[in-house]
Amino acid sequence: MSNAHSRELGEELRRVRHRARMSAANTAEGMGWSLAKLSKLETGSRGTTSWEIATLIGRLGADKATRDRILAIASEPDNGSFLRFHDQVPDVLTALTLHERLALTITTYEPLTVPSLVQTEDYAYALTGDRTVTLARMTRQNVLHQQGHGPEMTVFVHEAALRTTVGDPAVMRDQLLHLALMCGWDKFTPRVVPMSQSSDAVIRNQATLLTFDAPITPLAYAETDAATVFHDDPIAVTRYQARMRRLASLALSPARSHDLFASWADRYDREAQ
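Residues numbered from 1 in each chain as written. Predicted model: local features only at pLDDT ≥ 70, side-chain atom pairs only at ≥ 80, totals over all residues. Heavy atoms only, no water.

A. Expanded view of the packing of helix 1 (residues 4–19) against helix 3 (residues 35–42). With their axes 7 Å apart at the nearest point, helix 1 and helix 3 run at an angle of 120 degrees to one another. Between helix 1 and helix 3, the interaxial angle falls into the category oblique. Of the residues in helix 3, those touching helix 1 at Gly10, Glu11, Leu13, Arg14 and Arg17 are Leu38, Leu41 and Glu42. In terms of residue class, the contact of helix 1 with helix 3 is built from three nonpolar, one polar and four charged. (Axes fitted to C-alpha atoms, helices over the stretch in contact; angles between N-to-C directions. Helix = DSSP H or I, 4+ residues; strand = E, 2+ residues; numbered from the N terminus. Parallel < 35°, antiparallel > 145°, perpendicular 65-115°, else oblique. Contact = heavy atoms within 4.5 Å. Nonpolar A, V, L, I, M, F, W, Y, C, P; charged D, E, K, R; others polar.)

Structure below.
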C-alpha cells in the first residue's frame, strides 16, 4: 500500500520524466524495467533502491537541485511523518499539491488569516507581497475548484481574521464577499470560530486534515514560517481528527457564518468609500 511519503517520491519522479518529455514505455525500456514497475513507482505503490532512483533521474537529465531533493526524499526514514522546507509559503510543495488533487475531503483552519485555499487574489497578494507566490496560490485553488472534481471542503475561519485588515478595506470587502458567496457553493462549507471561544486551546494553531478514497489513509499537516510537517501516522492523524471535531463544535453554523461574513463585508465597504 502506498503512503504519503512514497506518493510524493513517485510524483517527483513522474514530473522529472514529463519535463524530459520521455514516455513511460521508453523510460522503462531504457532502465531495463517493466512498464508496470515504473508505473507503480510513480504512483507510490512500490519502492526501489536509491541507486536505481539515482540512475533513473540521471538518465532523465534532472538538474542538481532536483537530483538532490529526490535523493534526499528517497533516503529518509519512512516513519509516518516528514518535514518539507519552503521559502515563504508551501503552495508549490509536491506533497501538498499532489494530495490536495487526490483528496476526497479537506478540512482546514487558520487562527489569524483567511485560509489559503479560499483567499482572493488581492488578499493573497496583500498578505504575501509576492506576485509569484500569489500566482502559485491561485493555480493551486484552480485545481481544487474544478466543477464536479474538487474535494468537499470545510474551512474554519477565526473571527479574528475577519477583524484584521489585510491590504485595505476594499481588499477585505471583496474577501468577505467571496466567503459569503462560498456559503452557497456545493461542496464548500466556510464556518466562523467566534471570538467568544478564544480561550479554547484547540484554536491556537493552524491545521489541515485530508481524507481520500480507500485504500489511501488520511493525511494531516501543519505549517510553520519555514516548513510544513506532514503526518499519516495513525496516532497523529487521530489527534487532528479530534481537533477538527472540536472546531466543528465551537464554530457558528453555516447560516450564521454567512451572516457574519456579509456583515463584515458591509462594514469594510463603508470604510472603502
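After that view, the rundown keeps rolling.
B. A look at the pattern of salt bridges. Inspection of every chain in the model, using the stated rule, returns 16 salt bridges. One salt bridge in this structure joins glutamate 11 and arginine 101, with 3.6 Å as the shortest N-O distance. On the criterion of sequence distance, the pair formed by glutamate 11 in helix 1 and arginine 101 in helix 6 (residues 94–102) is long-range, its members being 90 residues apart. Accessibility expressed as a relative area gives 41% for arginine 101, which makes it partly exposed. Between lysine 64 and aspartate 68 there is a salt bridge, with its nearest N and O atoms 2.7 Å apart. Of this pair, lysine 64 and aspartate 68 both sit in helix 5 (residues 64–75), four residues apart, roughly one helical turn. A single network of salt bridges, built from pairs that share partners, joins Glu11, Arg14, Arg15 and Arg101. (Salt bridge = Lys/Arg side-chain N within 4 Å of Asp/Glu carboxyl O. Buried < 20%, exposed > 50% of the residue type's maximum accessible area, 1.4 Å probe, protein only.)

C. Fine view of unusual backbone geometry. With an omega dihedral of 10 degrees, the bond running from alanine 214 to proline 215 counts as a cis peptide bond. Considering the arrangement of structural elements, one finds proline 215 in the loop between strand 5 (207–211) and strand 6 (219–223). Its identity as a non-glycine residue notwithstanding, arginine 21 has a phi of 55 degrees, on the positive side. Inspection of the secondary structure puts arginine 21 in the loop between helix 1 and helix 2 (24–31).

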